[in-house]
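Chain by chain, the residues:
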Amino acid sequence: MPIPLDLNRMSDDMTRSDNIAPLQISKMPEIVIPPDLLPSDGRFASGPSKVRPQAVESLAQVASTYMGTSHRKDGVRSVVANLRFGLRELFALPDDYEVVLGNGGATFFWDIAVTSLIERRSQHLSFGEFSSKFANSVSLAAKVFTWLETPQIIRSDPGTYPNPVVDTEVDFYALTQNETSTGVAMPIERPENIRQSIIAVDATSAAGGLRIDPTQFDVYYFSPQKCFGSDGGLWVAILSPLALERVERIASGDFSTARWIPPSLDLKLALDNSRQEQTYNTPALATLFLMADQVSWMNEQGGLSWAVSRCDKSASILYGWADQSPYATPFVVKPEERSHVVATIDFDPSIDAAQVAKVLRKNGILDTEPYRKLGRNQLRIAMFPAIEPDDIKQVCSCIDYVVQALSSKPYRR
Ligand SMILES: *Cc1c(COP(=O)(O)O)cnc(C)c1O
């Protein structure tokens, strides 16, 4: 494992307040996983996620001519152009779709949707932490913005997803392809009888790892630090002609849509800059580079179908292991709803999953803790395209090893 010891300690300290009772640490026996069981890379976080070492090396190679140079000049703008073109190729976008980007991540894009995309009323499918955050944010906005109606929110329990309910009042449907907090993936299909309403998909952890048909959405938005194995800080949105028309109309400020749009939340301004291979304000150059590198890598390997089948392979290993295991069960009950990019695995009450995650962390296998607020006896393991399916297999062996060591007489160093 390439993780130095103090880094391990530091991560422990950082998560302690969330997940771990500090006093247990000294009492816990040291469990050392045999090296032949360990994965080749210990990063299994659901975001920020594993960055391919080759991408970091490529960045280091161009650092002296790229990092610290103007984002208005060709060096950086060509990376933006490669990224936008690469995404067009990856998703096989129709010619009249556009790739737009800006600063702030998917969370920031929720606020952009409020000012630049929702006309009067949105409908939100709320089935986990991220989808509920967007819904809550629009609810708050509707309290102060007179042009915005209270959004419709359709909820379902964690571990499931709800379906949209077509309503003529709704001009913006907010779907989430992969609820990263619970490990549920939903199919993205444009409901019938919807003409002028926008289908907006939070694809933050899905884009690049799950199948998607561009004709089924109008807005497909995501951040770089999940399937695209880069760093955080940017949002990317793919817009259909219907979404582009909406952006233009709202930005034109005609009477029916008049509203205050701060420049940082102005999707038209972001669109105009993207068309010139720029962002409205200064972007994180390393993030751009690493994302463009990942998109090229995916396209070279065989495109989206290649990336998706790699995630399918990891998922079949992990869920297959959990199905066979006497103590582990996939949290999402219906197999077809289980995410192939983020797996959530429940443990038998006799096993403390937090303890397992802690031992894994000490052995360099990082960030297998579940989403805090879900509050389950669970591990969450990312299976993004950058992660080797063989490493997923190794992690399953490591979990078995740790569980055995914790439940029988523990192995001591
Ligand atoms: C990670 C995530 C977000 C938040 O992304 P940021 O880049 O941190 O804003 C939103 N939605 C989903 C589904 C996510 O997985």
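Quick look at the structure, then. (Residues numbered from 1 in each chain as written. Predicted model: local features only at pLDDT ≥ 70, side-chain atom pairs only at ≥ 80, totals over all residues. Heavy atoms only, no water.)

Let's talk about the overall build of the chain
Basically, it comes down to this: Secondary structure elements follow DSSP: runs of H or I no shorter than four residues count as helices, runs of E no shorter than two count as strands, and numbering proceeds from the N terminus. This radius of gyration counts C-alpha atoms alone. The globule rule is 2.2 Å times how many residues there are, raised to the power 0.38. Each residue is assigned to one of three classes by its accessible area relative to the maximum for its type, calculated with a 1.4 Å probe on protein chains only: buried under 20%, partly exposed between the two thresholds, exposed over 50%.
Within the chain, the regular secondary structure consists of twelve helices and twelve strands. On C-alpha atoms alone, the chain measures out to a radius of gyration of 22 Å, which is about the 22 Å that the 2.2 N^0.38 rule sets for 413 residues. Across its three principal axes, the chain shows a C-alpha extent of roughly 75 × 50 × 40 Å. The 413 residues of the chain split such that 57% are buried.

Some points on the sheet that holds strand 10 (residues 328-330)
Definition in use: Here a strand pair is declared whenever DSSP counts at least two bridges between the two strands. Helix axes are fitted only over the stretch in contact, all axes being lines through C-alpha atoms; the angle between N-to-C directions runs from 0 to 180 degrees. Should any heavy atoms of two residues lie within 4.5 Å, those residues are counted as being in contact.
Read from one edge of the open sheet, three strands run 10-11-12, paired in antiparallel fashion. One side of each edge strand has no neighbouring strand; the edge strands of this open sheet are strand 10 and strand 12 (378-382). Each strand of the sheet is rotated relative to its neighbour by a mean of 30 degrees, with strand direction disregarded. Where strand 10 and strand 11 (residues 342-347) come together, three bridges link them in antiparallel fashion. Within strand 11, the position partnered with threonine 329 by the bridge is aspartate 346. Relative to strand 11, helix 10 (residues 303-324) is tilted by about 10 degrees, and along the sheet it contacts strand 10, strand 11 and strand 12. Sitting on the sheet, helix 11 (residues 353-362) is in contact with strand 11 and strand 12, with an inclination near 45 degrees to strand 12.

Description of the packing of aromatic side chains
Put simply, the rule is: When the centres of two rings from Phe, Tyr and Trp lie within 6.5 Å, Trp using its six-membered ring, the rings pair. Their planes under 30 degrees apart give stacked, over 60 give edge-to-face, and anything left gives tilted.
Applying the stated criterion across every chain, the model contains 16 aromatic pairs. Seen from their ring centres, phenylalanine 91 and tyrosine 220 are 5.6 Å apart, and the 80 degrees between their planes marks the pair as edge-to-face. Of this pair, phenylalanine 91 sits in the loop between helix 4 (74-90) and strand 1 (98-103) while tyrosine 220 sits in strand 8 (residues 219-222); the two residues are 129 residues apart in sequence, bridging distant segments of the chain. Side by side, phenylalanine 91 and tyrosine 220 carry an identical accessibility label, which is buried. Where tyrosine 97 meets phenylalanine 217, the ring centres are 6.0 Å apart and the plane angle is 80 degrees; that geometry is what we call edge-to-face. Of this pair, tyrosine 97 sits in the loop between helix 4 and strand 1 while phenylalanine 217 is found in the loop between strand 7 (198-202) and strand 8, placing the two residues 120 residues apart along the sequence. For the pair tyrosine 97 and phenylalanine 217, a shared accessibility class is recorded, and that class is buried.

Considerations on the site of the ligand
Heads up, the condition is: Summary of the distance rule: residues count as near a molecule or strand when at least one heavy atom falls within 4 Å of that molecule or strand. Pairs of N or O atoms are called polar contacts if they sit within 3.5 Å, as long as, within protein, a hydrogen donor faces a hydrogen acceptor (for residues adjacent in sequence, only side-chain-to-side-chain pairs). Per-residue and other accessible areas were derived by the Shrake-Rupley procedure at a 1.4 Å probe size, with only the shown protein chains allowed to occlude residues. Note that Gly is not counted as nonpolar here; it falls among the polar residues with everything else outside the nonpolar set of Ala, Val, Leu, Ile, Met, Phe, Trp, Tyr, Cys and Pro and the charged set of Asp, Glu, Lys and Arg.
The ligand sits among 13 residues. The nearest are Thr107, Thr180, Asp202, Ser223 and Lys226. In the environment of the ligand, an oxygen atom lies 2.5 Å from a nitrogen or oxygen atom belonging to the side chain of threonine 107. Between the ligand and glutamine 225, the relevant distance is 2.9 Å, taken from an oxygen atom to a side-chain nitrogen or oxygen of the residue. Look at the ligand: alone it shows 380 Å² of surface, and the protein chains cover 87% of it. By residue number, the principal contributor to the shell around the ligand is helix 5 (residues 105-116), which donates four residues. Here the residues of the shell around the ligand are counted per class, giving three nonpolar, eight polar and two charged.

Examining the nonpolar core
This is how the line gets drawn: Here, nonpolar core means buried Ala, Val, Leu, Ile, Met, Phe, Trp, Tyr and Cys residues that are tied together by side-chain atoms lying within 4.5 Å of each other. Residue ranges assigned to the domains are those given by an automatic or database domain assignment.
Ranked by internal contacts, the top residues of the largest apolar core, which has 129 residues, are Phe91, Phe222 and Ile399. The residues that make up this core include at least three from each of domain 1 (23-52 + 302-406) and domain 2 (66-299). If we ignore the near neighbours within four places in the chain, the residues touching phenylalanine 222 are Leu87, Phe91, Ala203, Thr204, Ala207, Phe228, Leu234, Trp235, Val236, Ile238 and Met291.

Quick word on the environment of phenylalanine 130
Considering the arrangement of structural elements, one finds phenylalanine 130 in helix 6 (residues 129-144). With 248 residues separating them along the chain, phenylalanine 130 and glutamine 378 place their C-alpha atoms 19 Å apart. Phenylalanine 130 has contacts with Trp110, Glu179, Thr180, Ser181, Lys226 and Tyr371, leaving out every residue within four places of it along the chain.

Quick word on helix 9 (residues 285-301)
Counted only if it meets this: Each helix should span, by expectation, one fewer than its residue count multiplied by 1.5 Å.
In this model helix 9 runs 24 Å from its N-terminal to its C-terminal C-alpha over 17 residues, within 8% of the 24 Å that 1.5 Å per residue would give. With 13 of 17 residues buried, helix 9 is to be regarded as a mostly interior element.

Here we look at the sheet that holds strand 3 (residues 152-155)
One open sheet accounts for seven strands, arranged 1-9-8-7-4-2-3; its pairing is mixed. Strands with a single pairing partner mark the edges of an open sheet, and in this sheet they are strand 1 and strand 3. If you compare each strand with its neighbour and ignore which way they point, the axes differ by 20 degrees on average. Strands strand 2 (122-126), strand 3, strand 4 (172-176) and strand 8 of the sheet are contacted by helix 6, whose axis makes an angle of about 150 degrees with strand 2.

A look at the packing of helix 4 against helix 9
Put simply, the rule is: In this scheme, a crossing is called left-handed if the near helix is turned counterclockwise away from the far one by less than a right angle; it is called right-handed if the turn is clockwise.
Where helix 4 meets helix 9, the closest approach of the two axes is 9 Å, and the angle between their N-to-C directions is 35 degrees. Considering the relative orientation of helix 4 and helix 9, their crossing is left-handed. Here Val76, Val79, Val80, Leu83, Gly86, Leu87, Glu89 and Leu90 of helix 4 lie close against helix 9, whose contacting residues are Leu285, Leu288, Phe289, Met291, Ala292, Val295, Met298 and Asn299. A per-class count over the contact of helix 4 with helix 9 returns 13 nonpolar, two polar and one charged.

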